[in-house]
Amino acid sequence: MGATSATCQQRWRISGKFLRSSWNSYHRPGMMHDCFYSITRQSRQVLALIARFMVDSLRGMGLQMADPVGGFYLFVSFEGFGEQLMARGIQTSGDLCNNLLSDTGIAMLSGSDFGLMADQLFVRMAFVDFDGGKALGAVAEGQYQPDVFVRQYCPRLYEACLRIKQWLVLPGKDNKE
């Protein structure tokens, strides 16, 4: 991390959020561009760490998905659990999302909202429930182990993976707490 990045974060951080500021008027030309580039790069690093953790965790449960190329969401297949889910009365991706929400408190969007047939058990899962200021600070300090990073700086995402795993393994258990 260069001095520009550290200065940028110190100047832009207000209540854990990065906001525009007029401070650039007394800094060297191009400083605002350097700060924007630095924060954008670090944001990409944060999302890549979270994506790696989410993919590894969900695949470890037997769920399938393509590796994300960018962004902050995954398109996850529960098709491998079709028989188990059918036995629980879950026949559509809408049923799947409703049951996951009511049983675990985790919200997802149905694959049918993205053009799939309702009986295809796919969901779109966003991984944006974390404190961006803390996560950016950790990346700036060089903390790059996905499991440790997510556990420490994105605990709600870490907990969501645990709840999904419990829900798949222990059908009928309420995992909100």
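Report follows, based on the coordinates. No experiment lies behind these values; they were computed from the predicted model shown.

Parameters at a glance
Residues numbered from 1 in each chain as written. Predicted model: local features only at pLDDT ≥ 70, side-chain atom pairs only at ≥ 80, totals over all residues. Heavy atoms only, no water. Helix = DSSP H or I, 4+ residues; strand = E, 2+ residues; numbered from the N terminus. Buried < 20%, exposed > 50% of the residue type's maximum accessible area, 1.4 Å probe, protein only. Contact = heavy atoms within 4.5 Å. Areas by Shrake-Rupley, 256 points an atom, 1.4 Å probe, with all protein chains shown as cover. Phe/Tyr/Trp six-rings, centres within 6.5 Å; stacked < 30°, edge-to-face > 60°. Lys NZ or Arg CZ within 6 Å of the ring centre and 35° of its normal. Arc of directions from axis to C-beta. Polar contact = N/O pair within 3.5 Å; in protein donor to acceptor, adjacent residues only side chain to side chain. Core = buried A, V, L, I, M, F, W, Y, C linked by side-chain atoms within 4.5 Å.

Helices and strands together make up the secondary structure of the protein chain, namely seven helices and six strands. The linear arrangement of helices and strands in the protein chain, starting from the amino end, is α-β-β-α-β-β-α-α-β-β-α-α-α. Within the span of the protein chain, comprising 177 residues, buried residues form 37% of the whole. Counting contacts in the protein chain only where the partners sit at least 6 residues apart, residues at least 24 apart contribute 62% of the total. If you sum the accessible surface of the protein chain, you get close to 10,000 Å²; carbon and sulfur atoms cover 53% of it.

The subject of this paragraph is the packing of aromatic side chains. With the rule as written, the count across this model stands at five aromatic pairs. Summarising the aromatic geometry, the rings of Phe75 and Phe122 are spaced 5.6 Å apart at their centres and angled 25° between planes, so their arrangement reads as stacked. Taken together, the residues Phe75 in strand S4 (residues 73-77) and Phe122 in strand S6 (residues 122-126) connect sequence positions 47 residues apart. Of note, Arg88 hangs over the ring of Trp167, and the distance from its end group to the ring centre comes to 4.0 Å. The ring of Tyr73 has Arg124 sitting right over it, with the charged end atom 4.0 Å from the ring centre.

Quick look at helix H6 (residues 146-153) now. Among the residues of H6, Phe149, Val150 and Tyr153 are the ones counted as buried. End-on, the buried residues of H6 take up no more than an arc of 95°, which puts them together on one face.

Glancing now at helix H5 (residues 132-140). Of all nine residues in H5, seven are buried, a share of seventy percent or more. One side-chain oxygen of the residue at the start of H5 lies 3.0 Å from the amide nitrogen of Gly133, identifying that residue as Asp131. One or two residues past the end of H5 sits Gly142, with phi positive at roughly 90°.

Let's shift gears to the nonpolar core. What tends to happen in soluble globular proteins is that the nonpolar side chains get buried as a cluster. Core analysis: the biggest nonpolar cluster contains 43 residues, and Ile50, Leu63, Phe78 and Phe149 have the highest contact counts within it. Of all the secondary structure elements, the ones that give two or more residues to this core are helix H2 (31-60), S4, helix H4 (93-104), S6, H5, H6 and helix H7 (155-169). Ranked by residues supplied to this core, first place goes to H2 with nine residues. Sequence-distant contacts of Leu63, defined by excluding residues within four places in its chain, comprise Leu58, Val76, Ser77, Phe78, Phe81, Ile164 and Leu168.

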